[in-house]
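Listed below, chain by chain, are the residues.
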Amino acid sequence: MAYYLHILIMINIYILLILGMNLLLGYTNLLSLCHAAFYGIGAYLTVFALVKLNLTFFPALALACVGTMIASLVISLPSLRLHGDYFVLVTLGFMMVVFSIMYNCVPLTNGPYGISGIPKPAFLGLIKADGIPGYALLTTILSVGSIALFKVLVQSPFGRILRGIRDEEIMVESLGRNVFFFKVLAFAISAGFAAVAGFVYATYVTYIDPTSFTLDESIFILSAAIIGGTGNIIGSIVGAIFVIIMPEIIRVIHIPDTIAPNVRQIIYGMLLIILMYFRPKGLLGKYEFKE
Amino acid sequence: MNGTQTILEIDGISKRFHGRGNQESFLVLEDVDIEVKRGKITALIGANGAGKTTLFNVISGFSRPDSGSIMFYDERVNTHNLVSMSPHQIAGLGIGRLFQNLSVFKNMSLIENVLIGSGEKDGEFPFASLLKKSVGVAEQHKVRMAEDIIGKVLGETCTETGLDPGEHQKERWSQKFRFLQPLDRFVSRYERYGDIFDTPLSKIIKNDVFFRDASDFSFGQQRLISLACLFMGDHALLLLDEPTAGVNPQIVEKILTVIRQMVDESGISVFMIEHNMDAVLKIADHCYFMDDGTVTHFGSPADVLGNPKVRREYLGI
Ligand SMILES: Nc1ncnc2c1ncn2[C@@H]1O[C@H](COP(=O)(O)OP(=O)(O)O)[C@@H](O)[C@H]1O
Ligand SMILES: [Mg+2]
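The following refers to the structure shown. Here the structure is a predicted model, which is why all the values come from computation and not from measurement.

All names here are of chain B. As a structural note, the neighbourhood of ligand 1 is formed by Phe17, Phe26, Val28, Ala47, Asn48, Gly49, Ala50, Gly51, Lys52, Thr53 and Thr54. The backbone of glycine 51 places a nitrogen or oxygen atom 3.0 Å from an oxygen atom of ligand 1. Relative to its unbound accessible surface of 560 Å², ligand 1 loses 59% to contact with the protein. Listed by contribution, the elements that provide at least two residues to the shell around ligand 1 are β2 (26–37) and α1 (52–59).

Another aspect to go through is empty space enclosed by the protein. Taken as a whole and assessed by the stated rule, the structure comprises four cavities of 30 Å³ or more. Each pocket or cavity is described by its volume, and for the largest cavity that value is around 110 Å³. Surrounding the largest cavity, 15 residues form its lining, Met171 of chain A together with Arg97, Ser103, Ser226 and Cys229 of chain B being those nearest its centre. Counting residues per element, the ones that place at least two in the lining of the largest cavity are α7 (157–174) of chain A together with β6 (95–98) and α9 (219–232) of chain B. The leading source of residues in the lining of the largest cavity is α9 of chain B, at four residues. Class assignment for the residues of the lining of the largest cavity results in 10 nonpolar, four polar and one charged.

Residue and element names in this part refer to chain B. With mixed pairing, the six strands of this open sheet are ordered in space as β6-β7-β8-β3-β9-β10. Unpaired on one side and paired on the other, β6 and β10 (294–299) mark the two borders of the sheet. With strand direction ignored, the average angle separating the axes of adjacent strands in the sheet is 15°. Inspection of the sheet shows strand β7 (residues 237–241) paired to strand β8 (residues 269–273) by five bridges, in the parallel sense. In the strand pairing of β8, leucine 237 is matched with serine 269. Where α1 meets the sheet, its contacts fall on β3 (41–46), β6, β7, β8 and β9 (286–291), and the angle it forms with β8 comes to roughly 145°.

Moving on to the packing of helix α3 (residues 57–79) of chain A against helix α4 (residues 84–104) of chain A. Packed helices, taken two at a time, are described by their axes: the angle between them and the distance between them. All names here are of chain A. For the pair α3 and α4, interaxial distance at closest approach is 10 Å and the crossing angle is 150°. With respect to α4, the axis of α3 lies roughly antiparallel. The interaxial crossing formed by α3 with α4 has right-handed handedness. Residue-level inspection shows Ala71, Val74, Ile75 and Ser79 of α3 in contact with α4, the latter providing Phe87, Val90, Thr91 and Phe94. For the contact of α3 with α4, a count of residues per class yields six nonpolar, two polar and no charged.

All names here are of chain B. Within the fold, serine 60 resides in the loop between α1 and β4 (67–73). You can call serine 60 buried: its relative accessible area is 6%. Polar side-chain contacts of serine 60 include one of 2.9 Å to the side chain of arginine 97.

Moving on: the pairing of β3 of chain B. Residue and element names in this part refer to chain B. Among the six residues in β3, six count as buried, and that is most of the element. Here β3 shows two buried faces, one formed by Ile41, Ala43 and Ile45 and the other by Thr42, Leu44 and Gly46. As judged from the four bridges shared by β3 and β8, these two strands associate in the parallel manner. Residue pairing across strands places threonine 42 opposite phenylalanine 271, the latter belonging to β8. Direction of pairing for β3 relative to β9: parallel, over a ladder of five bridges. Residue alanine 43 lies in a different strand from β9, and its bridge partner there is cysteine 287.

So, how was this worked out
- Residues numbered from 1 in each chain as written.
- Chains lettered and ligands numbered in written order.
- Predicted model: local features only at pLDDT ≥ 70, side-chain atom pairs only at ≥ 80, totals over all residues.
- Heavy atoms only, no water.
- Near = heavy atom within 4 Å.
- Polar contact = N/O pair within 3.5 Å; in protein donor to acceptor, adjacent residues only side chain to side chain.
- Areas by Shrake-Rupley, 256 points an atom, 1.4 Å probe, with all protein chains shown as cover.
- Helix = DSSP H or I, 4+ residues; strand = E, 2+ residues; numbered from the N terminus.
- 1 Å grid on protein atoms, 1.4 Å probe; cavity = no way out; pocket = protein on both sides within 12 Å on 5 of 7 lines; lining within 4 Å.
- Points joined across faces, edges and corners; volume = space filled by probe spheres on them.
- Nonpolar A, V, L, I, M, F, W, Y, C, P; charged D, E, K, R; others polar.
- Pairing = 2+ DSSP bridges.
- Axes fitted to C-alpha atoms, helices over the stretch in contact; angles between N-to-C directions.
- Contact = heavy atoms within 4.5 Å.
- Parallel < 35°, antiparallel > 145°, perpendicular 65-115°, else oblique.
- Left-handed = near helix turned anticlockwise from the far one by under 90°.
- Buried < 20%, exposed > 50% of the residue type's maximum accessible area, 1.4 Å probe, protein only.

Note that every value here comes from positions in space, so none of it alone points to a role or purpose.
This is the structure:
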């Protein structure tokens, strides 16, 4: 039972991450390689809020979210005026800088040793000491809530402008909208979703270190978003389920542990290639990713 | 200048493109003076490469001129010099633009392509619809307006053409991955009903033309869609860059009618680049002829098109 609940929790965390990525990729046509940086910033801010500030659940979550969204401005304000490839490169640079800080700034993050013993904040009395059932419920509430929020967001006039930017940026500008401003907002909201995932991850695993928030992780989230499909919500959910379940299937069919990660990589890679060729909008996506 | 009759006054605009590498730089626009009259249709004609689109880019702020000024007189006779403004600020004054090479938001539905044209910016802040009830109401109002406009602008062209669903998708699909097709159907159903606020539209949801992606429409229809999008906004001046180019004759008629309607009903002023001489003669009130970056002739369309030099240089007769 605990095993299935663990999988559910991981799916929920990845739904949060992939939704945030989807907002950029599938709704705004922005390719970001630093999603894991915001995931990490959210996680470390959570620890800071819980351990150093002794905050309770909601204030800590709010602090992690808002702090991460503000951190996103550091990169979006100078770089979102740049186009296409330049922006991708800037996010890559940011990812590397953030990782390097997490890894090397020992007084702040305890560097490669990580931080253990992260307390689980009480959430409406749900979370018990053993954690797993309570956490399954909590993460489900959070991910369902986030899906609902996401739906409101993308169906609102704001979402319409984002999709307009995705399709024809210049036309949106010529309809009197400040495209730059909308991109900055989208980027911040996307970072906010990643921060919620970071919060959940840190308090669920109760241990974090920089290796969870690498460039690899960013690329992994990006591929999951593309495989599931972008430009709608169901694609993100499918993407999350797929990337969490697939390793388990590999385990079930008795592929030895030593080569399992490689097999996984190969499957993702192949799948991306096949999808790009035959079905560029991903398994269930709406938007055909072009750049 | 007198702002009541003139809406746009282009004065001495010059623009030089700097060539890359060993290419020579050249003057695309040289001391261009044009006046666009309020409530009238002004046509701009000239050979390909004469600099017409560049002039539009300068007016709408996508390109900076090297010298000259562009004055816009709004309804309250305030004067704005467009040269120092950014594209969205210029658009915010009520200056709409139809691009030569862009028409629609391809992955957005017909109805959304029109809705996005609304000048109503309230409620575009993230989650505004959760915080303010008025946003939903305003949205319903917009949808009703968009329905009206679509009926007026596209009306008969939609039914007569009989859209072919997702032509672009079908090709890739047909041979491989056929087994995934039901997924697509599922997804599009799931979306079609979710994609829009609860509005009167949901009652006529069977009319799924509204929810077709704009890329499913023919080129001519796409031009009409972008006119509908402009119709949705609250514009004082429209810059139309070859609205009828590459469109079949039936839809050309429709496009001209729609433009005329906009001018007559809403008092919009139009400045349009047009290659179709019949169209110019038919709907334009004034005409400018541009040759190699300079305006060489202007006057009534009949005069300009009747001028021997224009006929020789442009029409080749
Ligand atoms: N961004 C640019 N850089 C350099 N040259 C350009 C650029 N845009 C247009 N041109 C050149 O300027 C000239 C005028 O182009 P354009 O305004 O598009 O002409 P028109 O719309 O009248 O056909 C053409 O020779 C074109 O090649
Ligand atoms: Mg042109």
